[in-house]
Amino acid sequence: MPSEHGCAITGWASALPDRVVTNQDIMTLFDTTDEWIVERTGIRQRRAADGPFVADKPPVNPEGGMGTTAQLAAQAGHGALEKAGLTGADIDLLVLCTTSPDQLVPATSSPLANALGVRGGGMDINAACAGFTYGLVTASGFIATGAQRVLLIGAETLTRITNWADRSNAFLFGDGAGAVVVEAVPGESSLLGWDVGVDGSLQPLFYADHAGTGMTMRGQEVFRKAVRMTVESATKSLEMAKVSTSDIAMFVPHQANVRIMDAVAERLGIPKERIASVIETTGNTSSASIPIALADAVEHGRVSDGDLILFAGFGAGMTWASAVWRWGTGLSR
Ligand code: UT7
């Protein structure tokens, strides 16, 4: 079906659980130091909805509290809808990107749709830390084939699947959610270029089994592959968009490790001041990290109408995805 309209992000918001977990808190769990974590990752604190820092089990009602993936997603989703001047009833499709769903069945987007009053379609995407960028391409595709409004949310409660005894990676992860409304607008699509990929042979590098002890990662190998895959993917998206890195006003990478973010930006030739970064205070929130960093950059006035944004994520799978997006709400509300 040919597209007769474009798409634009018309609302955005993020949500973090109240509980702050500092590197000093992490030091009570195993032998590590604040200096080591900051130097190796750039992370000083993260938020936790659950894990060893929360005494009680989270409430099960997705409309209240901040203890589950659906609850965090609902708070971010409400914020993005409000910004766009919409309600859940206006949404044709709800896409929840998460690698930490609240249950196996049904998809977490179901209780989330209930909490948000969405009666259009609803589905989860699990592409790990590349999930939100997969979701952005998916949302744009639905708009191109006739949907009017897609609510796209990345939300995680990674602290529930963190192995808090594993000093090699437990300090990395945090909980949070970020959301955007993608709407059909007159004119051209904001998605100028994109690339998605997966290499399933790399599953042993980063996984969590149903009955296992939590996330297991071969950090150094993931680090090396992440840099290479993100640069290759971003280069493909830039080529499809027929732009170069000097045209990119804001680079919004997956927030996994500040050293990875800097290495990718350096290889692409993007100056540090054009990187959107929240990792210092959020840690790695997987599918949520890109929309949280985007909302932060927009709220701080770092993105203007017409600017080109480069999104790029990678994660367990291993998966990767990137997109070049022209910023502008496209609607005069
Ligand atoms: O979200 C997508 C997927 N995840 C990622 O992108 C993460 C990718 N990987 C990384 O970010 C990094 O590999 C880590 C931050 C996880 C680890 O940093 P690293 O620079 O690769 O450290 P390393 O694993 O090579 O360990 C270096 C040293 C080792 O000691 P020796 O052998 O040099 O004596 C470790 O035993 O640091 C030691 N170490 C620690 N020291 C203090 C490992 N964990 C810790 C710790 N505190 N928590």
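Residues numbered from 1 in each chain as written. Predicted model: local features only at pLDDT ≥ 70, side-chain atom pairs only at ≥ 80, totals over all residues. Heavy atoms only, no water.

## Focus on the overall build of the chain
Then comes step 1: Helices and strands together make up the secondary structure of the chain, namely 9 helices and 13 strands.
Then comes step 2: The C-alpha radius of gyration of the chain comes to 18 Å, within 12% of the 20 Å expected for a compact globule of 333 residues.
Then comes step 3: Projecting the C-alpha coordinates of the chain onto the three principal axes gives extents of approximately 55 × 45 × 40 Å.
Then comes step 4: The buried share among the 333 residues of the chain stands at 56%.
Then comes step 5: Taking contacts inside the chain between residues at least 6 apart in sequence as the whole, the part at least 24 apart equals 76%.
Then comes step 6: As displayed, the chain offers around 13600 Å² of accessible surface, 50% of which is attributable to carbon and sulfur atoms.
Then comes step 7: Across the chain, the mean location of the 24 positive side-chain charges is 4 Å away from that of the 35 negative side-chain charges. (Helix = DSSP H or I, 4+ residues; strand = E, 2+ residues; numbered from the N terminus. Rg over C-alpha atoms; globule rule 2.2 N^0.38 Å. Buried < 20%, exposed > 50% of the residue type's maximum accessible area, 1.4 Å probe, protein only. Contact = heavy atoms within 4.5 Å. Areas by Shrake-Rupley, 256 points an atom, 1.4 Å probe, with all protein chains shown as cover. Lys, Arg positive; Asp, Glu negative; His and termini not counted. Charge placed at Lys NZ, Arg CZ, Asp CG, Glu CD.)

## Some remarks on the sheet that holds strand S7 (residues 175-185)
Then comes step 1: Across the sheet, which stays open at both edges, the 5 strands sit in the order S1-S7-S6-S4-S5 with mixed pairing between neighbours. The two strands at the open ends of the sheet, each matched to only one other strand, are strand S1 (6-15) and strand S5 (121-125). Neighbour to neighbour, the strand axes of the sheet diverge by 20° on average, direction disregarded.
Then comes step 2: Strand direction decides the pairing type here: strand S4 (residues 93-97) and strand S6 (residues 149-157), joined by 5 bridges, are parallel. The residue bridging Cys97 from the neighbouring strand is Gly154, located in S6.
Then comes step 3: Sitting on the sheet, helix H3 (residues 69-84) is in contact with S1, S4, S6 and S7, with an inclination near 130° to S1.
Then comes step 4: Helix H9 (residues 289-299) contacts S1, S6 and S7 of the sheet and is inclined by roughly 95° relative to S1. (Pairing = 2+ DSSP bridges. Axes fitted to C-alpha atoms, helices over the stretch in contact; angles between N-to-C directions.)

## Focus on the environment of Val258
Then comes step 1: Within the secondary structure, Val258 is located in helix H7 (residues 258-268).
Then comes step 2: By relative accessible area, which is 23% here, Val258 ends up partly exposed.
Then comes step 3: Between the alpha carbons of Val258 and Gly328 there is a distance of 27 Å; along the sequence they are 70 residues apart.
Then comes step 4: Apart from the residues within four sequence positions on either side, Val258 is in contact with Thr41, Gly42 and Ile279.

## Topic: the site of the ligand
Then comes step 1: Near the ligand there are 22 residues, and of these Thr32, Arg167, Gln220, Asn257 and Asn284 occur at the shortest range.
Then comes step 2: A distance of 2.8 Å separates a nitrogen atom of the ligand from a polar backbone atom of Arg167.
Then comes step 3: At a separation of 2.7 Å, an oxygen atom of the ligand approaches a polar side-chain atom of Asn257.
Then comes step 4: Here the ligand has 960 Å² of accessible area as a free molecule, and 74% of this is covered by the chains. (Near = heavy atom within 4 Å. Polar contact = N/O pair within 3.5 Å; in protein donor to acceptor, adjacent residues only side chain to side chain.)

## Some words on the confidence of the model for the chain
Then comes step 1: Mean pLDDT over the chain stands at 93; residues scoring 70 or higher make up 92%.
Then comes step 2: Note that residues 54-64 has pLDDT below 50 and, in this model, 20 contacts with residues that lie over four places away or in other chains. (pLDDT = per-residue confidence, 0-100.)

## Concerning the state of the cysteines
Then comes step 1: Taken as a whole and assessed by the stated rule, the structure comprises 0 disulfides.
Then comes step 2: Cysteine Cys129 remains unbridged, with the sulfur of Cys97 as its closest cysteine sulfur at 12 Å. (Disulfide = S-S within 2.5 Å.)

## Observations regarding a nonpolar patch on the surface
Then comes step 1: There is a patch of nonpolar side chains on the surface, built from Trp194, Val196 and Met240 and spanning about 250 Å² of accessible area.
Then comes step 2: Along the chain, Val196 falls in strand S8 (residues 191-198). (Patch = residues over 30% accessible without salt bridge, like charges linked within 9 Å, V, L, I, M, F, W, Y side chains within 5 Å. Salt bridge = Lys/Arg side-chain N within 4 Å of Asp/Glu carboxyl O.)

## Focus: the side chain of Thr282
Then comes step 1: Residue placement: Thr282 occurs in helix H8 (residues 279-282).
Then comes step 2: Setting aside its immediate chain neighbours within four residues, Thr282 contacts Leu16, Gln45, Arg46, Arg47, Gly174 and Ile292.

## Topic: the nonpolar core
Then comes step 1: Ile26, Phe251, Ile260, Val264, Leu268, Leu310 and Val324 are the most contacted members of the largest nonpolar core, which totals 45 residues.
Then comes step 2: Counting residues per element, this core draws most heavily on helix H6 (residues 219-241), at 8 residues.
Then comes step 3: Residues contacting Phe251, with those up to four places away along its chain left out, are Met261, Val264, Ala265, Ile270, Arg274, Ile275, Ala276, Leu310 and Ala312.
Then comes step 4: Within the second largest apolar cluster, 41 residues are counted, among which are Ala127, Ile143, Ala147 and Ala297. (Core = buried A, V, L, I, M, F, W, Y, C linked by side-chain atoms within 4.5 Å.)

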